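# Summary of the model geometry
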Amino acid sequence: MKFIQTSNAPQAIGPYSQAVCHGNILYTSGQIPLTPEGKLVEGGVSEQTHQVFKNLKAVLKAANADFSQVIKTTVFLSDMNHFQQVNEIYASYFGDHHPARSCVEVSRLPKDVWIEMEAVAFVE
């Protein structure tokens, strides 16, 4: 088992790793819209979603992976009314690659953000 850590994504705000690789499977922790310096991104769900993808990209890269290797994502939204907007941004990052996905509305997310996302990827 290997713990993944990068300064190009926000540091964990609790007792967990940014990602863990076990064999050929990478499990990322949920990413929220914090900058690598730990500052909450200003703006609405669009700006927050783009930052979440930047963070996931950095964590994947630290594990020598990218979005094309993602096999499953889980998206947590604090308001399902943002689903369509988030879905359009999501599609722009994955293109023709369509990993399995769950999307759920939750009552609250850390730091009262609009979105959190985690991913599982196959790495070689």
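For every chain, the first residue of the written sequence is number 1, and numbering continues from 1 onward in sequence order. Local features in this predicted model are restricted to residues whose pLDDT is 70 or higher, and side-chain atom pairs enter the listing and the counts only when it is 80 or higher, whereas totals over whole chains, interfaces and linings include all residues. As a convention, hydrogens and water are excluded, and side-chain values are obtained from all of the structure's heavy atoms.

You'll find the protein chain entered in an unreviewed UniProt entry as RidA family protein, with Kroppenstedtia pulmonis given as the organism. UniProt positions are given in the numbering used here, feature names are shortened, and annotations may be inferred rather than shown by experiment. UniProt lists a comment for the protein chain under the heading Sequence similarities (unreviewed entry), and it reads "Belongs to the RutC family."

Any pair of Phe, Tyr and Trp rings, taking the six-membered ring for Trp, is counted once the centres come within 6.5 Å. Such a pair is stacked with planes under 30 degrees apart, edge-to-face with planes over 60 apart, and tilted for the rest. Considering all chains together, one arrives at seven aromatic pairs under this definition. Taken together, a centroid distance of 6.0 Å and an interplanar angle of 75 degrees make the contact between phenylalanine 53 and phenylalanine 94 edge-to-face. Highlighted residues: phenylalanine 53 in helix H1 (residues 45-62) and phenylalanine 94 in helix H2 (residues 83-94), separated in sequence by 41 residues. Relative accessibility under 20% of the residue-type maximum defines a buried residue, over 50% an exposed one, and the middle range a partly exposed one, all with a 1.4 Å probe and only protein chains included. By relative accessible area, phenylalanine 53 is classed as buried at 1%. Given the relative accessible area of 7%, phenylalanine 94 is considered buried. Consider the rings of phenylalanine 67 and phenylalanine 94, whose centres lie 5.3 Å apart with planes at 65 degrees: the pair is edge-to-face. With a gap of 27 residues between them, phenylalanine 67 in the loop between H1 and strand S4 (70-77) and phenylalanine 94 in helix H2 connect regions that are remote in the sequence. Members of the aromatic cluster, each reached through a chain of ring pairs, are Phe53, Phe67, Tyr90, Tyr93 and Phe94. If you follow arginine 101 out to its NZ or CZ, it ends over the ring of tyrosine 90, 4.5 Å from the centre. Secondary structure elements are taken from DSSP: a helix is a run of H or I of four residues or more, a strand is a run of E of two residues or more, and numbering for both begins at the N terminus. By definition, being over a ring means that NZ of Lys or CZ of Arg is both within 6 Å of the ring centre and within 35 degrees of the ring normal.

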